[in-house]
Amino acid sequence: MAARGCGGVWRRALQRGPGGSCSASRPRRAVACNARGGAVPVGQSGLAPWVPVVGLEIHAQITSNSKLFSGSQVQFAAPPNSLVSFFDASLPGTLPVLNRRCVEAAVMTGLALNCTINKKSLFDRKHYFYADLPAGYQITQQRVPIAVNGSLSYSLCIDNKMSQMVTKTVRIKQIQLEQDSGKSLHDDARSQTLVDLNRAGVGLMEVVMEPDMCCGEEAAAAVRELQLILQTLGSSQAIMAEGQLRVDANVSVHHPGEPYGVRTEVKNINSIRFLTKAVDYEIQRQIKELENGGTVVNETRAFDSKLGCTVPMRDKEGKQDYRFMPEPNLPPLILYDAKSLPANVNHQQVVNIDWIHERLPDLPSVKRAKLVELYGILPEHSFTLVNEDGLMEFFEDVVKRTQMKPKKVIGWILSDLLSHLKQHSLTANESPISSFLLADLLNLLENGDISSSAAKQVMAIKEGNKKVINKLIGLVRKATRGRANPLLVKQILEKKLSE
Amino acid sequence: MTPRNRFRWRVMRVLALCRWLRGGTVRALRLGAAAASSAPPSQDSVTVEVLDHLERLALVDFRDAEGVERLREAVRFAERLREVNTEGIEPLDSVLEDRCLYLREDDVTEGNCTAELLKNAREKVEEYFVAPPGNIPLPELEERDTFLKGS
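Calculation rules
- Residues numbered from 1 in each chain as written.
- Chains lettered and ligands numbered in written order.
- Predicted model: local features only at pLDDT ≥ 70, side-chain atom pairs only at ≥ 80, totals over all residues.
- Heavy atoms only, no water.
- Helix = DSSP H or I, 4+ residues; strand = E, 2+ residues; numbered from the N terminus.
- Buried < 20%, exposed > 50% of the residue type's maximum accessible area, 1.4 Å probe, protein only.
- Contact = heavy atoms within 4.5 Å.
- Pairing = 2+ DSSP bridges.
- Buried area = accessible area lost by both parts, 1.4 Å probe.
- Salt bridge = Lys/Arg side-chain N within 4 Å of Asp/Glu carboxyl O.
- Polar contact = N/O pair within 3.5 Å; in protein donor to acceptor, adjacent residues only side chain to side chain.
- Core = buried A, V, L, I, M, F, W, Y, C linked by side-chain atoms within 4.5 Å.
- pLDDT = per-residue confidence, 0-100.
- Phe/Tyr/Trp six-rings, centres within 6.5 Å; stacked < 30°, edge-to-face > 60°.
- 1 Å grid on protein atoms, 1.4 Å probe; cavity = no way out; pocket = protein on both sides within 12 Å on 5 of 7 lines; lining within 4 Å.
- Points joined across faces, edges and corners; volume = space filled by probe spheres on them.
- Nonpolar A, V, L, I, M, F, W, Y, C, P; charged D, E, K, R; others polar.
- Expected span 1.5 Å × (residues − 1).

The next subject is the overall build of chain B. A count of helices and strands for chain B gives 5 helices and 3 strands. Taken over 151 residues, chain B has a buried fraction of 31%. In chain B, the share of contacts with a sequence separation of at least 24, taken over all contacts with a separation of at least 6, comes to 68%.

Put into structure tokens, the structure is as follows:
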């Protein structure tokens, strides 16, 4: 669902948890952000106001069959080191060969985020040592990335009732293609690390967002919208739980009118919910630190989801010098458009930006606008429909098959059905009530054949509400004056209900 | 690109050069370097701090005065590029710049050679490579047994 916006004021958590490095109390409402974006600092009990600044670096795994620079397969959860080519293992004598699908995915994403696509982009090496980076460097695009200067619009609810939405924009600094590293499994017991290179070399799009956000909820809303866009494009499935979308937050605070404060980088954020918590915690921690006369260290911190706080990461060795250098094995990446397309060229060797632009699917914002226009539903409803996997298609299916007006249908879908789905962690495609069934039910309701409460009962039964089934059995017994075999009745009812 | 970055990349290539120099096949280059030594010496840029930094970043071992001198010669050699006026000229960072970057189809053509890859590993556990628990950073200059301390 669309996130709630920051409507309150930044205060330090005045209650502290019983010792430990994390304050166990939940922070009060986030910073006051006005509709134009940017924080509106509010003076609070004599303390000078704070303006938090949040920027995001997002790594999205490209959905492709093979890796960015090699022909080994991209797949989640395969036997260790089974999807690794000689190049991925950095054996001598191997060279990178760029995967066209990855280039197309990056161009699609750049176009969807209103970026300027660089017709000439370059690859670089970023050097650092780590066991899951066999080459000792990562091939990335530091100097001239594939897309720059875009924007992402997202929406927040200003109040708790989800009735007033505000649209905000975050600037996209750049999108670059780069390699993923392998995976390290830390075996503390035996003091060793186990390395699986299956992920090494998988294509990533790094999306760098400018620090235009001011609290956890804005960050979460922006990431959620990006996730929907990527899933709509198909350039990335962006499932955070599977590591296909990784978010690092850069957080700092300063007094209005003063220069930006020292920022920290927060990593290890594994879900959108945790992103909100991590960012808000870090903002609060920095404010507390500075108000107590301390300083904020430019460091990398990890979010501990169990404790709900950020802790310094031990393995980072100060400020890294990555010794960037041009990747000597790859010439510049040249992209074309309709005008610059050379005449006699092998189409397989060419990426045409205009061709990709023409085939972009409807982005979430367009889908929402169409829903509102076509069906006359409220914008906030369109948000929920697009936000929940498969729900929009379900809704449109039902509307097609029923005479009930869409504005009424939406009520049935968003209240009863959705709450049940959420309770049991099901998607619309897994709904025990199919769109056919719901449409039939709503038709009966429209024609006056059944009452509203009866319809709700039927839904409850279909959703597996055992109490209602028992009630039905009771009704049958009454109707048959106790002569029907209760077990048989139950069997017949269950058979009928499962049809 | 700023002049500072340009210089950094030249030094980068010079470092690669330096590693190659230590291989020993340098007769021809030595002559070139000797000719360049008539240019003003650039001892300033190759300080102990820089050498320590490089040893830490690249895990190279300059080992002795000869190793360091080779680096100095290489830097001097590269610095002669500054005599050329490159104002307003796009830097050449790849001799491949006029080549076409080949794009591969997104097909699975490699992988599935776990046993072969693990053959190279000194230690393995159930098809995983084994590594130390974390990076072992180079000790600080004071604690290291290196010739750099003396210079």
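Below, the discussion takes up the pairing of strand β16 (residues 309-312) of chain A. All names here are of chain A. Where strand β15 (residues 300-304) lies against β16, 4 bridges are found, and the strand directions are antiparallel. Counted as the bridge partner of R301 is P312 from β16. Hairpin connection from β15 to β16: 4 residues lie between these consecutive antiparallel strands, with G308 at a positive phi of about 70°.

Moving on, we come to the interface of chain A and chain B. Across the contact, 56 residues belong to chain A and 41 residues belong to chain B. Note on chain A versus chain B: buried area summed over both sides is about 4400 Å², and carbon and sulfur give 58% of it. At the surface where chain A touches chain B, the tally comes to 1 salt bridge. As a salt-bridge pair, E105(B) and R100(A) come within 2.6 Å of each other at their nearest N and O atoms. The tally of links between chain A and chain B comes to 26 residue pairs in polar contact (both at pLDDT 80 or more). Elements with a minimum of two residues in the side of chain A that touches chain B: β3 (98-99), α1 (100-112), β10 (183-187), β11 (192-196) and β17 (325-326) of chain A. Counting residues per element, the side of chain A that touches chain B draws most heavily on β11(A), at 5 residues. As defined by bridge partners, β11(A) adjoins strand β3 (residues 128-131) of chain B across 3 bridges and the pair is classed as antiparallel. Paired with V195(A) across the strands is F129(B), a residue of β3(B).

Located in the positive-phi region is N81(A), a residue other than glycine, with phi close to 60°. Backbone geometry at E127(B) places phi at a positive 70°, although glycine is not the residue there. Looking at the element boundaries, E127(B) is found in the loop between β2 (124-125) and β3.

In this section: the sheet that holds strand β7 (residues 137-140) of chain A. Strand pairing in a sheet relies on backbone hydrogen bonds. The paired strands run either parallel or antiparallel. Residue and element names in this part refer to chain A. Strands sit in the order β7-β6-β17 across an open sheet of 3 strands; the sheet is antiparallel. Edge positions in the sheet fall to β7 and β17, since each has one partner strand and no second. Bridge count between strand β6 (residues 124-127) and β17: 2 bridges; the pairing is antiparallel. Note that in β17 the partner of R125 across the bridge is M325.

Let us now look at the sheet that holds β10(A). Strand order in the open sheet formed by 4 strands is β10(A)-β11(A)-β3(B)-β2(B), with antiparallel pairing between adjacent strands. Whereas interior strands pair on both sides, the edge strands pair on one side only; in this sheet they are β10 of chain A together with β2 of chain B. Direction of pairing for β2(B) relative to β3(B): antiparallel, over a ladder of 2 bridges. Each residue of the ladder has a partner; that of V125(B), found in β3(B), is Y128(B).

Bringing the nonpolar core into the picture now. Grouped burial of nonpolar side chains is what soluble globular proteins tend to show. All names here are of chain A. If you look at the biggest cluster of nonpolar residues, it comprises 73 residues, and the most contacted ones within it are L56, V103, V107 and M209. Tallying contributions element by element places helix α2 (residues 216-233) first for this core, with 9 residues. Non-local contacts of V107, meaning those with residues more than four positions away in its chain, are made with I117, I146, L335, V351, I353 and I356. Counting 30 residues, the second largest nonpolar core, distinct from the first, contains L371, V386, L417 and L441.

What follows covers the confidence of the model for chain B. Residue and element names in this part refer to chain B. Here chain B averages 78 in pLDDT, and 72% of its residues register 70 or above. Scored below 50 in pLDDT, residues 21-39 shows 16 contacts in the model against residues more than four places distant or in partner chains. In the predicted assembly, ipTM is 0.78 and pTM is 0.80.

Our focus in this paragraph is the packing of aromatic side chains. Residue and element names in this part refer to chain A. The final tally for this structure, using the stated rule, is 5 aromatic pairs over all chains. Aromatic side chains Y128 and Y322 sit 6.0 Å apart centroid to centroid with 75° between the ring planes, which places their arrangement in the edge-to-face category. Note that Y128 is positioned in the loop between β6 and β7 and Y322 in the loop between β16 and β17, a separation of 194 residues in sequence. Taking relative accessible area as the criterion, Y128 reaches 24% and is therefore assigned partly exposed. Judged by relative accessible area, which is 22%, Y322 ranks as partly exposed. Between F274 and F303 the ring centres are 5.8 Å apart and the planes differ by 50°, which places this aromatic pair in the tilted class. Taken together, the residues span a long stretch of sequence, with F274 in helix α3 (residues 272-291) and F303 in strand β15 at a distance of 29 residues.

Turning next to empty space enclosed by the protein. The gaps of empty space that remain are located by a probe, the size of a water molecule, rolled over the atoms. Applying the stated criterion across every chain yields a total of 2 cavities of 30 Å³ or more. Its volume calculated, the second largest cavity comes out at about 50 Å³. Around the second largest cavity sit L122(A), F123(A), R143(A), P326(A), E327(A), L330(A), P331(A), P332(A), D93(B) and S94(B), which together line it. Per-class residue counts for the lining of the second largest cavity are 6 nonpolar, 1 polar and 3 charged.

Between its first and last C-alpha atoms helix α4 (residues 65-79) of chain B spans 21 Å; for 15 residues at 1.5 Å apiece the expected length is 21 Å, and the two agree. The complete set of buried residues in α4(B) reads G67(B), V68(B), R70(B), L71(B), R72(B), A74(B), V75(B), R76(B), A78(B) and E79(B).

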